[in-house]
Amino acid sequence: MNASVLDGIVAGARIDLAGRRAVVSEDQLRARADEYGQRAPAASEVIEGLRGTNGLRVIAEIKRTSPARGPLADIADPAALACAYEEGGAAAISVLTEPRRFHGSLEDLATVRAEVGLPLLRKDFVVDPYQVREARAHGADLVLLIVAALDQRALTDLIALSGKLGLVPLVEVHDAQEAARAVDAGAEVIGVNARDLRTLSVDPGTFDRIADRIPEGLVRIAESGVRGPEDAARYARSGADAILVGSALVTGDDPARAVAALVAAGRPA
């Protein structure tokens, strides 16, 4: 994915956002977000649930397609898949809500929220405060913020707004410079994506190169490149608190068993 493709995805996200904003007002979103916030777990609990103190945590993703691999799975019932992930021992569930490239929706997020009690991550190209409020209003406990898609002020402001709403921002980085920006902006949970946004290639060594740049005490999440238990064990040895896994789970026959295998592989020896 070169910069122009990333720019195109963000441009599409802004167009879709304008359409939703015309239908649902900020005041309506605030009311819905407040309603979920009254029963949602505290942000500190969500963060601690991702900390790999007693073994690698698994964030299991609901993902129909991707720019890198194309169609992956139909997933007619995202809630059923989420329940299978929960049965397998997932610590949280990631729901892709971007419609153009990933065929996701906010309805998917709300549907999953109605069926599972695990923390939910809204995974999308979030560039505007409205999207953060949308995430909370539809039952998210975490929201993805991609450093490469945001300038520093926007990143800092969106992290602050997330905290105000009780959301945990999962701040995604791809290199050491972005990791430094995430830390400076106040991120407490940092995801290191092994997929190069310029080429779509996956470099499994990305996490190892960046992990030491993330201060102790912050939660480190390894994203992309997890094909099975061996990769989970490798990331656990490298100091990851959690892994975010999508393609390998949605393309398998038994998602509950696949998640359980990843969890087992990440347990301390």
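Calculation rules
Residues numbered from 1 in each chain as written. Predicted model: local features only at pLDDT ≥ 70, side-chain atom pairs only at ≥ 80, totals over all residues. Heavy atoms only, no water. Helix = DSSP H or I, 4+ residues; strand = E, 2+ residues; numbered from the N terminus. Rg over C-alpha atoms; globule rule 2.2 N^0.38 Å. Buried < 20%, exposed > 50% of the residue type's maximum accessible area, 1.4 Å probe, protein only. Contact = heavy atoms within 4.5 Å. Areas by Shrake-Rupley, 256 points an atom, 1.4 Å probe, with all protein chains shown as cover. Salt bridge = Lys/Arg side-chain N within 4 Å of Asp/Glu carboxyl O. Arc of directions from axis to C-beta. Polar contact = N/O pair within 3.5 Å; in protein donor to acceptor, adjacent residues only side chain to side chain. 1 Å grid on protein atoms, 1.4 Å probe; cavity = no way out; pocket = protein on both sides within 12 Å on 5 of 7 lines; lining within 4 Å. Points joined across faces, edges and corners; volume = space filled by probe spheres on them. Nonpolar A, V, L, I, M, F, W, Y, C, P; charged D, E, K, R; others polar.

*Asks:* What exactly am I supposed to notice about the overall build of the protein here?
*Replies:* Within the protein one finds 13 helices and ten strands. In terms of overall size, the protein behaves like a compact globule, its C-alpha atoms giving a radius of gyration of 17 Å where 269 residues would be expected to give roughly 18 Å. Referenced to the eigenvectors of the C-alpha coordinate spread, the extents of the protein come out at roughly 50 × 40 × 35 Å. By residue count, 54% of the 269 residues in the protein fall in the buried class. A separation of at least 24 residues holds for 67% of the contacts in the protein among residues at least 6 apart in sequence. Of the roughly 11500 Å² of accessible surface on the protein, a fraction of 49% belongs to carbon and sulfur atoms.

*Asks:* Any chance you could explain the pattern of salt bridges here in plain terms?
*Replies:* Side-chain pairs of opposite charge can arise whenever the charged atoms involved come near each other. On inspection of all chains with the given rule, the structure shows 20 salt bridges. Between Arg-21 and Glu-26 there is a salt bridge, with its nearest N and O atoms 3.1 Å apart. Residue class for Glu-26 comes out partly exposed when judged on its relative accessible area of 23%. We note a salt bridge from Arg-21 to Asp-128, for which the minimum N-O separation is 3.1 Å. In this pair, Arg-21 is assigned in helix 1 (residues 3-23) and Asp-128 in the loop between strand 5 (120-123) and helix 7 (129-137), connecting sequence segments 107 residues apart. With a relative accessible area of 16%, Asp-128 lands in the buried category. What you see here is one network of salt bridges that share partners, running through Arg-20, Arg-122, Asp-124 and Glu-134.

*Asks:* Just checking my understanding: could you explain helix 9 (residues 176-184) for this structure?
*Replies:* An α-helix turns once every 3.6 residues. As a result, residues three or four positions apart point the same way. All buried positions along helix 9 are accounted for by Glu-178, Ala-179 and Ala-182. Relative to the axis of helix 9, the buried residues are bounded by an arc of 105° and lie together on one face. Exposed and facing more than 90 degrees away from the buried side of helix 9 are Gln-177 and Asp-184. Along its buried surface, helix 9 packs onto helix 8 (152-165), strand 7 (168-173), strand 8 (189-193) and helix 10 (206-211). Residue Asp-175 occupies the N-cap position of helix 9, its side-chain oxygen lying 3.2 Å from the main-chain nitrogen of Gln-177. Directly beyond the C-terminal end of helix 9, a positive phi value near 100° is found at Gly-186.

*Asks:* Sorry if this is basic, but what is going on with empty space enclosed by the protein here?
*Replies:* Picture a little ball the size of a water molecule; that probe, rolled over the atoms, points out where space is still empty. Counted under the stated rule, the structure contains one cavity of 30 Å³ or more. Taken together, Ala-13, Asp-16, Leu-17, Arg-20, Glu-98, Pro-99, Arg-122, Asp-124 and Gln-131 make up the full set of residues lining the largest cavity. A per-element tally of the lining of the largest cavity places helix 1 first, with four residues. Among the residues forming the lining of the largest cavity, the class breakdown is three nonpolar, one polar and five charged.

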